[in-house]
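For reference, the chains in residue letters:
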Amino acid sequence: MTTDVAAPLHVSTTFRYPSDPAKLQPAADLDVDTAVTPTAAHTLSHPHIYSRISAPSTTRLEATLSTLLGGYAVTYASGLAAFHALLVHVNPRRLLIGQAYHGCHGVAALMKRLTGMEIMPLDTPPQPGDLVHLETPMNPTGEATSIAVYAARARAAGALLSVDSTFAPPPLQVPLELGAHWLMHSGTKYIGGHSDMLAGVLVTVDANAARALYLDRMYLGNVMGSFEGWLGLRSVRTLELRVLRQSTTATALARWIDAEWTGKAVDRVLHASLQPQEDWLTQQMPRGFGPVFAVLMKTEAAARSLPSNLKLWMHATSLGGVESLVEWRAMSDAGCDRRLLRFSVGVEAEEDLRADLDTAFKAVAAM
Ligand SMILES: *Cc1c(COP(=O)(O)O)cnc(C)c1O
C-alpha cells in the first residue's frame with residue numbers, strides 16, 4: 001500500500017500473472033468480451049495483462065475522463081487515431097462532414113479509399129446509418145454551430161451524430177447531453193494542456209459500443225502510451241482552472257481586437273463571442289466560449305508579419321496549452337485564407353497578452 005497523493009507513473013508493458021496457480025486463467029477460458037467490458041465504475045473488470053490491452057495510468061485517466069465527459073471514455077494515440085477508430089467502428093456508408101480539422105478530412109479520404117465510404121457535405125439530408133460529423137467550435141475560427149439542431153436532424157433520419165469538441169473541452173460544452181451519439185476530442189489540446197502529449201478520446205454512453213472500441217483498439221494497436229496516460233492524469237487535475245481562465249481571456253481579447261483594430265489592420269475577428277448571441281449558443285456554451293479565435297488581417301503581408309512582432313505569444317501550430325500561441329494558419333493548413341491568424345490563448349495575464357498584441361498590431365499597421 002503506497003500513500004501517494006499524485007498518481008504514480010507506470011511504464012510496464014507486461015504484468016505478472018497471479019502467483020496462486022488456482023487463479024491462473026488460460027486465454028482459451030477467458031471471455032475477452034467480459035475482460036474488456038467497462039464496469040459501472042468505468043474501469044476494466046480484468047487485471048492488466050499487456051499494455052496494448054490496458055495499463056494502469058491509461059485506465060485511470062479513462063475513468064476520470066468518463067466522469068468529466070459524461071460517458072465511457074476510450075483513449076487513443078492521437079485525436080486522428082480516435083477519429084479513425086470511430087470510422088472503423090461505425091463503418092458508415094456515408095460520412096456527412098463540413099468545415100473540420102484538415103486531418104479529419106485526411107482520415108475520411110483514407111477510409112473512402114478502403115471502404116468506398118462516400119463523403120458528403122454536412123448539410124446533405126441524412127439517411128439511416130449515415131455518420132454526421134460536426135466540429136464545434138470550428139477550427140480555425142472558433143465559431144460555433146448548434147449541436148442540438150444537427151442531433152435532432154440525425155436522430156430523425158436514423159443517422160448518428162459525432163461531435164469533435166476539441167475546441168470546447170469540459171466544462172465549456174457537453175455534447176452528449178445535447179443529443180450527440182459520439183463525442184471526440186484531440187486530447188493533445190486542452191485535456192493534455194501543456195503541449196507535451198499526443199492523445200485522442202472517444203466517448204459514448206453505450207457500454208456495448210465502448211466495449212467494441214476496446215476490442216478494436218486491442219487489434220488496431222492505436223493505444224496511447226503509458227507515459228502519456230500519466231501526463232494526462234497530471235493534466236486533468238487542472239483542466240477546469242485552465243480552461244475557464246483561457247476562455248475568459250480569449251473572449252476579452254477577441255472583443256478588444258474587434259473594437260480596437262477592425263477596419264484598421266484587421267478585416268474581421270472570428271469567435272463564438274462575436275456571433276449573434278442566440279439562445280442555442282448560450283445554452284450550448286453557458287460557461288464561456290472556446291479559447292481559440294481567429295483574426296482575418298487586411299492583407300496576407302500583415303498576417304505573415306504579425307507573429308514576428310509578438311514576444312509573449314509564440315508562433316507555432318497547435319493549441320490548448322498553457323502558453324499562448326499564434327499561427328499564420330497558411331503554414332499548416334493548405335486550404336486556409338492566407339490572411340488568417342489563429343490565436344490559442346494560454347493562462348498568462350490578460351493585460352500582458354493584450355500589451356504584446358497592441359505593440360504588434362501597431363507595428364503591422366505602420367507597415
Ligand atoms: C488537433 C485536432 C485534431 C487532431 O488531433 P491530433 O491529436 O493532432 O491527432 C482533430 N480535431 C481538432 C479540432 C483538432 O484541433
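Data block above holds the structure.
Report on the accompanying structure. Just so you know, the residues in each chain are numbered from 1, in the order the chain's sequence is written. The predicted origin of the model limits local features to residues at a pLDDT of at least 70 and limits the giving and counting of side-chain atom pairs to 80 or more, whereas totals for whole chains, interfaces and linings rest on all residues. The side-chain quantities take in all heavy atoms of the structure and omit both hydrogens and water.

**Let's talk about the site of the ligand**
Right, so step 1: As a structural note, the neighbourhood of the ligand is formed by 13 residues, with G79, D164, S186, T188 and K189 the closest of them.
Right, so step 2: Counted as a polar contact is a pair of N or O atoms within 3.5 Å, where, for protein atoms, one must be capable of donating a hydrogen and the other of accepting one, and residues adjacent in sequence contribute only when both atoms are in side chains. Take G79: an N or O atom from its main chain is 2.9 Å from an oxygen atom of the ligand.
Right, so step 3: T188 is positioned such that a nitrogen or oxygen atom in its side chain is 2.6 Å from an oxygen atom of the ligand.
Right, so step 4: Note on areas: Shrake-Rupley, 1.4 Å probe, and residue coverage restricted to the protein chains presented here. When the free accessible area of the ligand is taken as 380 Å², the share hidden by the protein chains comes to 94%.
Right, so step 5: Labels follow the DSSP assignment, with helices taken as runs of H or I lasting at least four residues and strands as runs of E lasting at least two, numbered in each case from the N terminus. For the shell around the ligand, the secondary-structure elements that each account for two or more residues are α3 (79-90) and β6 (182-186).
Right, so step 6: Charged residues are taken to be Asp, Glu, Lys and Arg, nonpolar residues to be Ala, Val, Leu, Ile, Met, Phe, Trp, Tyr, Cys and Pro, and polar residues to be all remaining types, Gly included. Here the residues of the shell around the ligand sort into five nonpolar, five polar and three charged. We call a residue near a molecule or strand as soon as one heavy atom of that residue lies within 4 Å of the molecule or strand.

**Thoughts on the nonpolar core**
Note on soluble globular proteins: their nonpolar side chains tend to be buried together.
Right, so step 1: Here, nonpolar core refers to any group of buried Ala, Val, Leu, Ile, Met, Phe, Trp, Tyr and Cys residues whose side-chain atoms link them within 4.5 Å. Exposure is judged per residue with a 1.4 Å probe applied to protein chains only, and the accessible area is read against the type maximum: over 50% gives exposed, under 20% gives buried, and values in between give partly exposed. With 29 residues, the main nonpolar core has L65, V132, L161, V201 and V203 as its most contacted residues.
Right, so step 2: Only α2 (56-69), β4 (131-135), α5 (147-157), β5 (160-164), β7 (200-204) and α7 (226-236) provide two or more residues apiece to this core.
Right, so step 3: Of the residues forming this core, the biggest block, four residues, is contributed by α5.
Right, so step 4: Setting aside residues up to four positions removed in sequence, V203 forms contacts with L69, G71, Y72, A73, L176, H181, W182 and L183.
Right, so step 5: Residues I257, M297, L306 and F343 belong to the second largest nonpolar core, which totals 27 residues. We call two residues in contact when some of their heavy atoms are within 4.5 Å.

Read these as spatial facts, not as claims about activity.
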